Amino acid sequence: MLASMSEFLTRFYNRAELKNKAIDLYEKGFEYESQHLIKLAFEQSNLDMDKLPWKDDFNALIKTFEFASIEEKQDTTELEKTLKTYNKELEYFIQTNDLKKQTKKQEEIGWCLRKLKRYNDAIEIFKKSLNSLNKDKNFKDQAWILTQIGLCFEDLNSYNEALEYYKNVLELYTKENNTKEQAWIFSQIGLCFHELNSDNESIEYYNKALELYIKENNIEDQARVLVLKGICLENYDEAIEYYNKALNLYTKKLNSKNKKIIISIKVSIALTLFKQKKYKESLEKLNEANKECIKNKEFNNQASIFFFIGVCLIELNKHEEALEPLNKSVELYTKENDFSHHAFNYKLIGLCLEKQRKYDIALEAYQKAINYSCEDEQGDIFKHIGVCL
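**Student:** Looking at this structure, I do not really get the side chain of Ser282. What am I missing?
**Tutor:** Considering the arrangement of structural elements, one finds Ser282 in helix 15 (residues 279-296). Of note is the side chain of Ser282, whose polar atom sits 2.7 Å from the backbone oxygen of Ala270.

Structure representation (structure tokens):
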């Protein structure tokens, strides 16, 4: 019966209509049917509801679905239009004294503002939403809003403030014995401590997260935290061991389709090998990662991969060979409108040409490096220009 109903519903209703019908059924007490409808809405959005830790929490599912819909509106103009609509709706809910809808709309406005990188404005509206809640009855909403404020502070690089909010969230989840959300908050606290250069505290919280993920047999998040822990370790061999454990979980246990993560781990291994001055091994890993990028059409990491391939080749005294990846890195960064790496890239290109005694072309590269560099970076470049003249 449900199968035939599903076919009917998905043919005649779009995902937003399915969501609204699910809410209507839920409010009338039809929990089983509402859960089925929201699952259909998720499927129409190419989202896997069953992977969510809160898959049995209808209100949390609705919130996730709505914010995933906003997430699709990457275009700033579209987001601004959405924000304008939400603000008008909020005005109406304030006038009609509908506190429940007012709070929900404030959350949606906060989410839009964060997407628009207006983090301070987002924090302000999230705080208003938090003050509107009945905190005795709305534990989950309270925890969600506190988390959003924490994320905004992270976006602002205000990690101490983010920690304050995450610890409040952790207290709520601990009271409710919600280990799934506890684990995630542990990992966020670990990230903040890492950004504050407190890696011992960071590792402590990653270990707490890892312990809970192992208990839940949550392999994907185990792998994620293993990578984060590896980044914090001063012992490079131990760090590589953690990266390899994570890589093993992603490739063998999960058969992961998320190739970005696999590429990212291989790059992390390569850079750790580079720090150990194991340039040949680092180069091998970087070439592996680059092949993965080409194979899976994941081009976002390629500019930095080409850069580090060039650096490895320089360290191996293969200056002529290093030119191709360094020039490729410049080309890709230019396509991304990211010019922040050009100064160093051109400086290395100039160095490679200087080593080959191609002084005229080296001078051109050094001049480009000067054009893209800050004043305090230019002294060393001028020294190389002096050698070429």
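Past the structure itself, the notes keep going.
**Student:** It is not clear to me how the side chain of Ser202 should be interpreted in this structure. Could you clarify?
**Tutor:** Note on placement: Ser202 falls in helix 11 (residues 199-215). Beyond its immediate chain neighbours, meaning those up to four positions away, Ser202 contacts Gly190, Leu191, Phe193, His194 and Cys232.

**Student:** Would you take a moment to explain the nonpolar core for this structure?
**Tutor:** Side chains that are nonpolar tend, in soluble globular proteins, to be buried together. In terms of nonpolar packing, the biggest core is built from 66 residues, with Ile189 and Ile265 touching the most fellow members. Among the nonpolar cores identified, the runner-up in size contains 39 residues, and Leu283, Ile314, Leu351 and Ile381 belong to it.

**Student:** Even after reading the chapter, I still don't get helix 14 (residues 259-275), so can you show me in this structure?
**Tutor:** The periodicity of an α-helix, 3.6 residues per turn, causes residues three or four places apart in sequence to face the same way. Compared with an ideal rise of 1.5 Å per residue, which puts 17 residues at 24 Å, helix 14 spans 24 Å between its outermost C-alpha atoms and is within 8% of the ideal. Along helix 14, the residues that are buried comprise Ile262, Ile263, Ile265, Lys266, Val267, Ser268, Ile269, Ala270, Thr272, Leu273 and Phe274. Two residues or fewer after helix 14 comes Lys277, characterised by a positive phi angle close to 65°.

**Student:** Would you mind showing me how to read the environment of Asn120 here?
**Tutor:** With respect to the helices and strands, the residue Asn120 is situated in helix 7 (residues 119-132). Sequence spacing of Asn120 and Asp155 is 35 residues, and the spatial spacing of their C-alpha atoms is 9.9 Å.

Definitions and cut-offs
Residues numbered from 1 in each chain as written. Predicted model: local features only at pLDDT ≥ 70, side-chain atom pairs only at ≥ 80, totals over all residues. Heavy atoms only, no water. Helix = DSSP H or I, 4+ residues; strand = E, 2+ residues; numbered from the N terminus. Polar contact = N/O pair within 3.5 Å; in protein donor to acceptor, adjacent residues only side chain to side chain. Contact = heavy atoms within 4.5 Å. Core = buried A, V, L, I, M, F, W, Y, C linked by side-chain atoms within 4.5 Å. Buried < 20%, exposed > 50% of the residue type's maximum accessible area, 1.4 Å probe, protein only. Expected span 1.5 Å × (residues − 1).

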